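# Chain and residue survey
Below are the chains, spelled out letter by letter.
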Amino acid sequence: MNASPLPAVQVRGLTRRFGAATILRNLDLTVAGGETLALFGPNGAGKTTLLRTLAGLLRASEGEARVLGCRLPGDARLRRRIGYLGHESFLYRDLSPRENLQYYARLFGVDDGDRPRALLARVGLERFADRRVATFSRGMLQRLGVARAILHEPDLLLLDEPLTGLDPSGAELLANLLAEQRATGVTVLMATHDLERALASATRAVVVARGCIAWDSQGRLPDAGAMATHYAEAVAAS
Amino acid sequence: MVDFLQGWLLRLAPYPVLVLVLTSLLAIFFWVPTDAGLGLSQRIFYYHVPAATSCFIAFAGGGIGSAMYLYTRKPLWDHAAHAFVSVGMLFATIVLVTGSIWARTAWGTWWTWDSRLTTFLLLWLVYASYLLLRTLSRDNEMGPRYAAVLCIVGALNVPLVMLATRLFRTIHPQVINNPQGGISDPRMVTTLMLSMGAEILLMLWLWALCVSTLRLGERVELLSEESYRRSVPS
Amino acid sequence: MLALIWKDIVLEARTRETLPTLLVLGVLVLVVFYFSLALRPQDIDRTAAGILWIGIVFASVLALGRSFVIERDNGCIEGLLISPIDRGSIFLGKLAVNVILLLAFETLLVPMFALLFGVDLMANLPGLVLVLVAGTVGLAAAGTLFALAALGTRAREMVLPLLVLPLQVPLLIAAVQATEMVLGGASVTSLGARGTLLAAFDVLFVTSGWLLFEFVLVD
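The structure reproduced in this document is the subject of the present report.

Analysis parameters
- Residues numbered from 1 in each chain as written.
- Chains lettered and ligands numbered in written order.
- Predicted model: local features only at pLDDT ≥ 70, side-chain atom pairs only at ≥ 80, totals over all residues.
- Heavy atoms only, no water.
- Helix = DSSP H or I, 4+ residues; strand = E, 2+ residues; numbered from the N terminus.
- Rg over C-alpha atoms; globule rule 2.2 N^0.38 Å.
- Buried < 20%, exposed > 50% of the residue type's maximum accessible area, 1.4 Å probe, protein only.
- Contact = heavy atoms within 4.5 Å.
- Areas by Shrake-Rupley, 256 points an atom, 1.4 Å probe, with all protein chains shown as cover.
- Pairing = 2+ DSSP bridges.
- Axes fitted to C-alpha atoms, helices over the stretch in contact; angles between N-to-C directions.
- Buried area = accessible area lost by both parts, 1.4 Å probe.
- Salt bridge = Lys/Arg side-chain N within 4 Å of Asp/Glu carboxyl O.
- Nonpolar A, V, L, I, M, F, W, Y, C, P; charged D, E, K, R; others polar.
- Core = buried A, V, L, I, M, F, W, Y, C linked by side-chain atoms within 4.5 Å.
- Polar contact = N/O pair within 3.5 Å; in protein donor to acceptor, adjacent residues only side chain to side chain.

## Structural notes on the overall build of chain C
Tallying secondary structure elements over chain C gives 9 helices and 0 strands in all. Counting from the amino terminus, helix and strand elements in chain C follow one another as α-α-α-α-α-α-α-α-α. Computed over its C-alpha atoms, the radius of gyration of chain C comes to 18 Å, within 12% of the 17 Å expected for a compact globule of 219 residues. Overall, the C-alpha framework of chain C stretches about 55 × 35 × 30 Å when taken along its three principal axes. Here chain C, with 219 residues, has 58% of them falling under the buried criterion. Excluding contacts between residues fewer than 6 apart, the proportion of contacts in chain C whose partners are at least 24 apart in sequence is 81%. Element-wise, carbon and sulfur atoms account for 71% of the exposed surface of chain C, whose accessible area totals about 8,300 Å².

## Some words on the sheet that holds strand S8 (residues 187-191) of chain A
Residues and elements named next belong to chain A. Read from one edge to the other, the open sheet built from 6 strands follows the order S6-S7-S8-S3-S9-S10, with strand pairing classed as mixed. Of all strands in the sheet, those with a lone pairing partner are strand S6 (82-85) and strand S10 (212-216), marking the two edges. The mean angle between the axes of side-by-side strands here comes to 20°, regardless of whether they run parallel or antiparallel. The pairing of strand S7 (residues 156-160) with S8 spans 5 bridges and is parallel. Its bridge partner lying in S8, leucine 159 is registered against methionine 190. Contacts from helix H8 (residues 224-237) reach strand S3 (36-40), strand S9 (204-209) and S10 within the one sheet, and its direction differs from that of S9 by about 25°.

## Concerning the sheet that holds strand S4 (residues 62-67) of chain A
One key point about sheets: their strands pair by backbone hydrogen bonds, in either a parallel or an antiparallel sense. Residue and element names in this part refer to chain A. Read across the open sheet, the 4 strands follow the order S2-S1-S4-S5; overall the sheet is antiparallel. Two strands close off the open sheet at either side, each with one partner strand: strand S2 (21-31) and strand S5 (70-71). One ladder, built from 5 bridges, connects strand S1 (residues 9-18) with S4; its direction is antiparallel. Bridge pairing in S4 links valine 11 to alanine 65.

## Here's the deal with the interface of chain A and chain B
Between chain A and chain B, the residue contacts involve 7 residues of the former and 7 residues of the latter. Buried surface at the junction of chain A and chain B, summed over both partners, amounts to about 520 Å²; 45% is from carbon and sulfur atoms. Of all residues in chain A, Ala20, Ala21 and Arg59 of chain A bury the most surface against chain B, accounting for 65% of the area lost on that side. Joining chain A to chain B, the criterion identifies 0 salt bridges. Among the residues making up the side of chain A that touches chain B, the classes are represented as 3 nonpolar, 1 polar and 3 charged.

## Some remarks on the pattern of salt bridges
Charged atoms that come close allow side chains of opposite charge to pair. Residue and element names in this part refer to chain A. One pass over the structure, following the stated rule, counts 17 salt bridges over all chains. Here arginine 106 makes a salt bridge to aspartate 112, at a shortest N to O gap of 2.7 Å. Overall, arginine 106 belongs to the partly exposed group, its relative accessible area being 34%. One salt-bridge network, in which partners are shared between bridges, spans Glu35, Arg204 and Asp216.

## As for the nonpolar core
For soluble globular proteins, the rule of thumb is that nonpolar side chains tend to be buried together. Ranked by size, the top nonpolar core spans 207 residues in total, and within it Phe40, Leu54, Leu158 and Leu189 of chain A, Val149 and Trp207 of chain B together with Phe146 of chain C carry the most contacts. The leading source of residues in this core is helix H7 (residues 125-151) of chain C, at 15 residues. In contact with leucine 158 of chain A, not counting residues within four places along its chain, are Leu51, Leu54, Ala55, Ile82, Gly83, Tyr84, Leu85 and Leu189 of chain A. Core analysis: the second largest hydrophobic core is formed by 8 residues, Ile44, Tyr46, Trp102 and Leu192 of chain B among them.

## What to know about the interface of chain C and chain B
Listed as interface residues are 32 residues of chain C and, on the opposing side, 33 residues of chain B. Both sides of the chain C and chain B interface together cover about 2,900 Å² of buried area, and 74% of this is carbon and sulfur. For the chain C face of the interface with chain B, the top three residues by lost area are Arg154, Ile173 and Phe215 of chain C, together amounting to 21%. In this structure, the connection of chain C to chain B is made through 0 salt bridges. The tally of links from chain C across to chain B stands at 1 residue pair in polar contact (both at pLDDT 80 or more). Secondary-structure elements contributing two or more residues to the side of chain C that touches chain B are H7, helix H8 (160-183) and helix H9 (193-217) of chain C. For the side of chain C that touches chain B, the element with the most residues is H9 of chain C, which contributes 12 residues. The class makeup of the residues in the side of chain C that touches chain B is 25 nonpolar, 4 polar and 3 charged.

Below is the structure:
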């Protein structure tokens, strides 16, 4: 799918409260189709809450959000077009990776034979295709999680700290996968703490602090050193 | 709307309630004639039946409040529903206790499994589990939602419960026969109506009080969370 | 939705957690009741149906409480939420799995019950099966709807019986009476009000579960 003129993500005044705490404050963000956006920010800044809201897992307390042209909360058709990888793997420990992917393939209505097999090979897990997921290491779980997220060929990928648990080869694999996704016009939003790796894959970077966007690179992506400075400044200012 | 209703009730209700309750008490004990068949104990009927009516109204209110809460997500509706159930429970307890006393004085047994009392027992249990759910899920944000679902299912269940207990009656004899059958004296009707009005109004007033308590509680919680947040540097 | 059912069955077959526990608990309840009530042969006729249903209810409440525990590990319930499946179908899928599980349990329990209590099942076997299925569907629907709510409390799934039993008691009244009649050889059509009531409960619980489940799920 080519980048369409409609923004992939359009958020205006997004606010989300949990009891007395306000996690997202009046957040505004527009992401064009095909962008790979890196979300940086300290813990508790609201990156996870933002991604979860876009994925449809949370409802905003106030404000408006549009994803792929549809107002949130969306319907089944919208969910089919979004891929989400959160902190938890969404995998069943007593099933094998092949079975897990088959299950999700059926849930999303995509081919449950060749595609899971191909993806398992792509993420380097074909040797473990029939072992119970309970035996997997953190890195293997993460790879499988990534496979699950892109299984149904979504138009929008929301990745929450995808690099956790990945060894260098895993991180490289992810970078390659992201490059492939970008080539097909998929929009990616990736929250992470790894400045260097993220910048290598991204086309744009923002810093989220205290519930809103503290800094936006817009079109010009800085190098890692400059990014670190921007980050520190943005966090201090908020 | 809840706000409006509750506000007016709080302001206007206390005096009529006082007047009605006093009047109905006087009527029940001094004015209305003794029932020929059942004797003095029959006067408990003037508590028992209005309590049952108030209870039903309260539980219906709870069901509506819960449905509105699920639809609008406004906490005020949740407070309304919670208050209705709490007050409803109070009146349900009154029904059970007065029913039991009546059964004892009139027929010599503390409890009888006749269909009406059994219905109320089951309702009491359902709404007790509602209150229990609320207490146990206090830490959970979704708590009020779960409770609302329980309340709606409970309310929808009521007609079926009444049918089921009538079915059950085929095993246990019906003891408390329809009291309305024996009402001949117009003073009895008046007393009943008076008592009905008193209890319903009392129920509504208690409801209003309960809602305001819940709202205050919510505010206190928010404020204490906020002050904690401010005192802890993040 | 079928994917959900398939997945749960595979998981149960692999881990074999729920069915054996159900069975053991069911038999235990029957035995305990037999001894604690010191039933004489002439009492059994009147009480057998009730005891069978008590066994089913207590065991099933346990199984139903667990039906969402597997989804809680690794956040799998959110995996369902981000997929295109609609919320009502999640309920129906889980309900189907629970019903299948409970019916499998009952298929083993009922013969044991007949053996222990000396009850003749053959008087109207198809009728008995129908009544058991109808009662089970209603019980399972109520339990499935509130299982997630129970998990959200401090006492976790232990609290499910407290939430759900009051709602299930009227259903039980109808089910027990119907079972008694059917064991005595009555035909299904002669069940009258009991049969209608059972069906009504099933419709009520399944429909309200289907409609209200999304409120139990999404934030």
